[in-house]
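# Chain and residue survey
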Amino acid sequence: MPSILFVDPEYTPQTPKFANVGAFALLVFDFCITFQDEVKWTWFKPWSVTRVIFVISRYLPFIGIALTVYDYLDVGGLASGQADNIIHIIIIIAAEGLLVVRTWVFWKRSKRMLIVLATYSIVTIVAATSINVRRNAQLTEVPNAVLVYTLLALFECVILALTVYKRFSDYRNSEASIATALYNGSMFYMLCIIAITVLNVLNDAVFPAAYMGMFDALQIVIHSILASRIMFHIRSSHDQVHEMHALSMSEDMQFGQPSQIQTTSNDSERRNNASSVSEV
């Protein structure tokens, strides 16, 4: 029986097949349990660049993962590797795009930060794509996938660092606001995304070639699932901010006193801050 440390070149392990089929099942399951949220928070909202990115990261994985499973199961003996590869790249870009937009909003839509994020994103995409399409010219013994996932992990760490910095610089003494909850939720989701990316780096760098790509489908699925949850969380928080604002305005009109003017002003400022980071 082949071991995990030594794999006969003619032996095809079943574990990668099970892992990719399991990832597809996870994607379908998550879609079923979050479809109601999608209808509530996205279907009747105006179309925007963010919503287009969301739709790509939400639905394109079904095609990409289906092609991946098709290849691993070797159905009909047909290969769809190139199309599969392109779709995976588009999905990752779309999911990471939501994180970039979210980070830009956290930085109060700073033009300077937009330029920095856009430039870094383009450089990362070009570098990763160049490495990924390199086939025969083996300039290094390190597998292409390891280099691509390493670039992706570095990119995600930078996005996380920018979010953490903004969270503790703007809301250091605030623990219960909607804005703080948004920051904390986004940081948790990004940590999960980084974890699966690092898992892919370790898998492709340490395990035999027969196991390479074992978590490729899971990488796409986790990106899609967490990107969707970020979108739902943002839209939900945005509606909560507006509901609180309407309720507060109503209470101010009914019970407002001169001594409450300063407090009302401070509350309004906090609501505006929360609204600014929950709009996407």
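Our structure's up above, just so we're on the same page.
Predicted, not measured: the structure shown is a model, and the values here were computed from it.

### A look at the side chain of Thr124
By the element assignment, Thr124 lies in helix H4 (residues 111-133). Here Thr124 is in contact with Leu151 and Phe155, once residues within four sequence places are set aside.

### Here's the deal with the layout of surface pockets
The space that makes up the largest pocket amounts to roughly 1200 Å³. Every residue lining the largest pocket is counted, 40 residues in all, and those nearest its centre are Asn85, His88, Ile89, Asn132 and Val148. Every element with two or more residues in the lining of the largest pocket is listed here: helix H2 (49-73), helix H3 (81-106), H4, helix H5 (144-170) and helix H7 (216-255). Among the elements that make up the lining of the largest pocket, the one with the highest residue count is H3 (13 residues). Split into classes, the residues belonging to the lining of the largest pocket amount to 22 nonpolar, twelve polar and six charged.

### Observations regarding the nonpolar core
Ranked by internal contacts, the top residues of the largest apolar core, which has 24 residues, are Leu99, Leu117 and Ile159. It is helix H6 (residues 178-206) that contributes the most residues to this core, nine residues altogether. For Leu117, the contacting residues outside a window of four places in its chain are Val100, Thr103, Trp104, Ile159 and Leu162.

### Overview of empty space enclosed by the protein
Tallied over the full model, the rule gives two cavities of 30 Å³ or more. Estimates place the volume of the second largest cavity at around 30 Å³. In terms of lining, the second largest cavity is formed by Leu27, Asp30, Phe31, Arg58, Phe62, Ser224, Ile225 and Ser228.

Reading the values: rules and limits
- Residues numbered from 1 in each chain as written.
- Predicted model: local features only at pLDDT ≥ 70, side-chain atom pairs only at ≥ 80, totals over all residues.
- Heavy atoms only, no water.
- Helix = DSSP H or I, 4+ residues; strand = E, 2+ residues; numbered from the N terminus.
- Contact = heavy atoms within 4.5 Å.
- 1 Å grid on protein atoms, 1.4 Å probe; cavity = no way out; pocket = protein on both sides within 12 Å on 5 of 7 lines; lining within 4 Å.
- Points joined across faces, edges and corners; volume = space filled by probe spheres on them.
- Nonpolar A, V, L, I, M, F, W, Y, C, P; charged D, E, K, R; others polar.
- Core = buried A, V, L, I, M, F, W, Y, C linked by side-chain atoms within 4.5 Å.
- Buried < 20%, exposed > 50% of the residue type's maximum accessible area, 1.4 Å probe, protein only.

In short, geometric facts, not functional conclusions.
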